[in-house]
Amino acid sequence: MSRIDRPFRARRRRFALRSSRTVALGSALVIALTACSGDGSASQSGAGKRKAPHAPVWRTDPHSIAALGDSITVGFDACTVLSDCPQVSWATGTDPKVDSLARRLVKRPATHSWNLARTGALMRDLPDQVTAAADRRPELVTVLMGANDACRRDARSMTPTAAFRADFARSLKYLRRALPRTQVYVAAVPDLLRLWSEGRKNPLGKQVWKLGICGSMLRDPDDLTKAAQDRRTKVRDRVMAYNTALAEVCGADPLCRFDKSVFDYRFTGRQLSTWDWFHPGTGGQKELAELAFRAITRPGRSA
């Protein structure tokens, strides 16, 4: 090899070495880029692949039920005057004429269903009922509450919607922490204006209402002046606002179902208690059980 060729060959070796390093660096850069998606997230192939979490699936066959709520759920005035009658409760009753949720869904309702509702309860009382339910660890919790928040002495005494929403949200949040897999069925507050419209057809019912039942809606049932109609409309609007709050809070929980059909149901006097023409009688309890059963056993997600 001549002296002239030696420098030339040395420079060529150095150039080849630099080229190989450049190719290796470029290959590494391509690998790094292809390991990421366009938004910077991990690639869906290889070690970076992550499975999306499964959305909770609503089960249509719960093995245990805890019923929360007010006088409707304990069957007040459905059997005898001024008394609870839990055996005809739409949720946990034992009377075959009603065919309650517990009878339809639970194999052993005597030991796997609990009625924790209380006559006169307001939404602010729901957290305590949730605490009692959590101790029993039911697979399904039913909630029918809110009529007493609207049925006050007068319309000015109704529970504010914000407070109603906050109490329900707090209750559901606690329940979800204590029982993350428990399903929740939430019935709408019934249409109290329809209650006035149907109940006032019975002369005896109107006499009973004078004792002070749901004064905000039922006071002076034959008064058709604008002031009276405006008062009743205000109560109905508040009930609808309660139902909106229930639907929105429940809708944010994948294992909660809100059932508006309880508000929409076109009940008649035949479904009302013959003691007060306000609470559901046995016929009304049966209809509530049917509505709830349809909603709970509907396949698919909770929404």
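This text goes with the structure placed above it.
The structure contained in this document is the topic of the report that follows. (Residues numbered from 1 in each chain as written. Predicted model: local features only at pLDDT ≥ 70, side-chain atom pairs only at ≥ 80, totals over all residues. Heavy atoms only, no water.)

**Examining the overall build of the protein chain**
In terms of regular secondary structure, the protein chain is built from 12 helices and 5 strands. In the protein chain, which comprises 303 residues, the proportion classed as buried is 44%. Considering only residue pairs separated by 6 or more positions, the protein chain has 73% of its internal contacts joining residues 24 or more positions apart. Per element, the accessible surface of the protein chain, about 16,500 Å² overall, is 57% carbon and sulfur. (Helix = DSSP H or I, 4+ residues; strand = E, 2+ residues; numbered from the N terminus. Buried < 20%, exposed > 50% of the residue type's maximum accessible area, 1.4 Å probe, protein only. Contact = heavy atoms within 4.5 Å. Areas by Shrake-Rupley, 256 points an atom, 1.4 Å probe, with all protein chains shown as cover.)

**Let's talk about the packing of aromatic side chains**
What the rule picks out here adds up to 2 aromatic pairs. For R104, the ring lying beneath its charged end belongs to F293, and the centroid distance is 5.0 Å. Residue placement shows R194 over the ring face of F267; its charged tip is 5.8 Å from the ring centre. (Phe/Tyr/Trp six-rings, centres within 6.5 Å; stacked < 30°, edge-to-face > 60°. Lys NZ or Arg CZ within 6 Å of the ring centre and 35° of its normal.)

**Thoughts on helix α10 (residues 226-251)**
The terminal C-alpha atoms of α10 lie 37 Å apart, and with 26 residues this matches the ideal 38 Å at 1.5 Å per residue to within 8%. A228, R231, R232, V235, V239, Y242, N243, A245, L246, V249 and C250 are the residues of α10 that are buried. (Expected span 1.5 Å × (residues − 1).)

**Remarks on the pattern of salt bridges**
Overall, the coordinates contain 17 salt bridges when judged by the stated rule. The salt bridge partner of R176 is D253, with a shortest N-O separation of 2.8 Å. Of this pair, R176 sits in helix α6 (residues 161-178) while D253 sits in the loop between α10 and β5 (256-259), and the two are 77 residues apart along the sequence. One exposure class covers both R176 and D253, and it is buried. (Salt bridge = Lys/Arg side-chain N within 4 Å of Asp/Glu carboxyl O.)

**Observations regarding the state of the cysteines**
Per the stated rule, a full pass over the model turns up 3 disulfides. Paired through a disulfide, C250 and C256 show a sulfur-sulfur distance of 2.0 Å. Residues C250 and C256 are joined by a disulfide whose S-S torsion is about -115°; by sign, that bridge is left-handed. Assigned by exposure class, C250 and C256 land together as buried. (Disulfide = S-S within 2.5 Å.)

**Description of the environment of Q271**
Position of Q271 among the secondary structure elements: in the loop between α11 (261-264) and α12 (282-296). Put simply, Q271 and G284 are 13 residues apart on the chain and 4.1 Å apart in space, counted from C-alpha to C-alpha. Those residues within four positions of Q271 in sequence are excluded, and the remaining contacts are Y265, H279, P280, G281, G283, G284 and E287.

**Let's talk about the packing of helix α4 (residues 126-136) against α6**
Interaxial distance between α4 and α6 falls to 9 Å at its minimum, and their mutual angle equals 15°. Viewed along their axes, α4 and α6 adopt a mutual orientation that is roughly parallel. Regarding α4 and α6, the two cross each other, and that crossing is right-handed. Here α4 contributes L126, P127, V130, T131 and A134 to the contact with α6, which in turn contributes D167, F168, R170, S171, Y174, L175 and A178. Class assignment for the residues of the contact of α4 with α6 results in 8 nonpolar, 2 polar and 2 charged. (Axes fitted to C-alpha atoms, helices over the stretch in contact; angles between N-to-C directions. Parallel < 35°, antiparallel > 145°, perpendicular 65-115°, else oblique. Left-handed = near helix turned anticlockwise from the far one by under 90°. Nonpolar A, V, L, I, M, F, W, Y, C, P; charged D, E, K, R; others polar.)

**Re the side chain of S171**
When you line up the elements, S171 lands in helix α6. Residues within four places of S171 in sequence aside, it is in contact with L126, P127 and V130.

**Points about the side chain of Q285**
Relative to the elements of secondary structure, Q285 occurs in helix α12. Classification of Q285 as buried rests on a relative accessible area of 0%.

**What to know about the packing of helix α7 (residues 192-199) against α10**
Contact geometry for α7 and α10: axes closest at 8 Å, N-to-C directions at 135°. Relative to α10, the element α7 is oriented oblique. Residues L192, L193 and W196 of α7 pack against Q229, R232, V235, R236 and V239 of α10.

**Brief notes about the pairing of strand β4 (residues 183-187)**
Judged by how many residues are buried, β4 sits mostly within the fold: 5 of 5 residues are covered. Every second residue of β4 is oriented toward a common face, with Q183, Y185 and A187 on one face and V184 and V186 on the other, all of them buried. Where strand β3 (residues 140-144) meets β4, 4 bridges bridge the pair, whose relative direction is parallel. Across the sheet, residue T142 finds its bridge partner in β4, namely Y185. Relative to β5, β4 runs parallel, the two sharing 4 bridges. What sits directly across from V184, in β5, is C256. (Pairing = 2+ DSSP bridges.)

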